[in-house]
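Analysis of the macromolecular model
Chain by chain, the residues run as shown.
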Amino acid sequence: MTAKHLRHSVIFFLSMVALACVSQPLSKKNGTSPMIHFEKTTHTFTPVFEGEELSHTFTVFNRGTADLDIKKVTHS
Amino acid sequence: MARYDRAIPPGGTGNVTLKIDSSSVRGEFEKKAIVWSNDPDRRSIALYLKGQVKPHISLDPGGYIALVGAKGKVPTGHVKIINNHESPVKIIGVDNDLPDRVRWRIEEIKPGFVYRLEVEDISKEEGDYTAHLTIRTDNPEKPELTLIVRGEIREK
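Read on for an overview of the structure. Every value quoted in this text rests on a predicted model; they were computed, and no experiment measured them.

Of regular secondary structure, chain A possesses two helices and five strands. Start at the N end of chain A and walk to the C end: the helices and strands fall as α-α-β-β-β-β-β. Among the 76 residues that make up chain A, the fraction classed as buried is 26%. Across chain A, contacts joining residues at least 24 apart in sequence account for 50% of those joining residues at least 6 apart. Carbon and sulfur atoms form 61% of the exposed surface of chain A, whose accessible area is close to 5,300 Å².

Next comes the structure, spelled out in structure tokens:
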């Protein structure tokens with residue numbers, strides 16, 4: 001392997017390391033991380049008549065070591 | 001619709017409240033919501049709501065009748081009006097927007113709970129039409145139901 005090839009390989013390796021560091025979440029870099037957990041992810045209502053509003057609250061736990069941010073809740 | 005706590009400290013708990021307006025849902029349903037967070041190992045989690053929405057009063061087999069045939073020989077059609085509540089309901093009237101084409105008759109099968117509405121073509125001329133029978137009830141949650149009657153009447 002020539003010196004030129006060796007230099008290119010070292011530059012490539014260092015670039016990959018830098019990229020991995022940047023792409024990791026800040027909390028992981030600090031050694032802390034949020035951990036989302038739901039004990040129940042499904043709720044079944046008793047039958048209702050049309051027009052009644054149905055509402056249910058799920059409890060979400062943060063079992064991690066950094067703040068858990070809920071960014072959004074979407075429907076499908 | 002969803003309401004949720006936006007930030008939950010380590011070791012803490014929060015709420016995610018999901019609401020469904022059942023007036024836009026019929027029969028059995030399953031709705032899915034996805035919670036997106038900053039958990040690096042689990043960016044999204046699916047939550048499910050399941051259930052069943054019953055109509056207050058239903059038309060069986062449905063809200064549509066077809067009357068098809070030669071003038072004077074058109075078979076009658078009928079639907080059952082079914083009260084799904086435990087307390088009885090009264091049919092207080094039926095409004096007919098094409099009385100020259102359609103005649104109706106109502107019969108109590110199980111008083112307060114099941115009625116039979118028979119619809120007859122009385123056209124004096126051939127042609128197609130769409131009539132609407134508005135069934136009025138004393139149930140404040142469902143004061144009206146509409147039965148659509150489609151006629152296709154041929155000359156003899």
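The structure having been displayed, the exposition proceeds.
Here we take up the packing of aromatic side chains. Evaluation of the coordinates by the stated rule reveals zero aromatic pairs over all chains. The aromatic ring of A:Phe61 is capped on one face by A:Arg63, whose charged end is 6.0 Å from the ring centroid. The ring centre of B:Trp36 lies 5.5 Å from the NZ or CZ of A:Lys72, which sits over that ring.

Here the focus is the nonpolar core. Residues A:Phe38, A:Val60, A:Ile70, A:Val73, B:Val16, B:Leu18 and B:Val35 are the most contacted members of the largest nonpolar core, which totals 23 residues. With four residues, strand 5 (residues 44–54) of chain B is the largest single contributor of residues to this core. Apart from the residues lying within four places of it in its own chain, the contact partners of B:Leu18 are A:Leu54, A:Ser55, A:His56, A:Phe58, A:Val73, B:Met1, B:Ala2, B:Ala33, B:Leu47 and B:Leu49. B:Val89, B:Ile91, B:Leu117 and B:Leu133 belong to the second-largest nonpolar core, a separate cluster that totals 22 residues.

Right, let's get into the environment of B:Tyr48. Locating B:Tyr48 in the fold gives a position in strand 5. Residue class for B:Tyr48 comes out partly exposed when judged on its relative accessible area of 25%. Sequence-wise, B:Tyr48 and B:Ile34 are 14 residues apart; in three dimensions their C-alpha atoms are separated by 8.8 Å. If we ignore the near neighbours within four places in the chain, the residues touching B:Tyr48 are A:Thr41, A:Thr42, A:His43, A:Phe58, B:Glu30, B:Lys31 and B:Lys32.

Taken in spatial order, the four strands of this open sheet run 1(A)-4(A)-3(B)-1(B), and their pairing is antiparallel. Only two strands of the sheet have a single partner each, and these edge strands are strand 1 (36–38) of chain A together with strand 1 (2–4) of chain B. Adjacent strand axes in the sheet meet at a mean angle of 25° when their direction is disregarded. When strand 4 (residues 53–62) of chain A meets strand 3 (residues 13–21) of chain B, the two strands line up antiparallel, connected through nine bridges. For A:His56, the partnering residue across the bridge sits in strand 3 of chain B and is B:Leu18.

Conventions used here
Residues numbered from 1 in each chain as written. Chains lettered and ligands numbered in written order. Predicted model: local features only at pLDDT ≥ 70, side-chain atom pairs only at ≥ 80, totals over all residues. Heavy atoms only, no water. Helix = DSSP H or I, 4+ residues; strand = E, 2+ residues; numbered from the N terminus. Buried < 20%, exposed > 50% of the residue type's maximum accessible area, 1.4 Å probe, protein only. Contact = heavy atoms within 4.5 Å. Areas by Shrake-Rupley, 256 points an atom, 1.4 Å probe, with all protein chains shown as cover. Phe/Tyr/Trp six-rings, centres within 6.5 Å; stacked < 30°, edge-to-face > 60°. Lys NZ or Arg CZ within 6 Å of the ring centre and 35° of its normal. Core = buried A, V, L, I, M, F, W, Y, C linked by side-chain atoms within 4.5 Å. Pairing = 2+ DSSP bridges. Axes fitted to C-alpha atoms, helices over the stretch in contact; angles between N-to-C directions.

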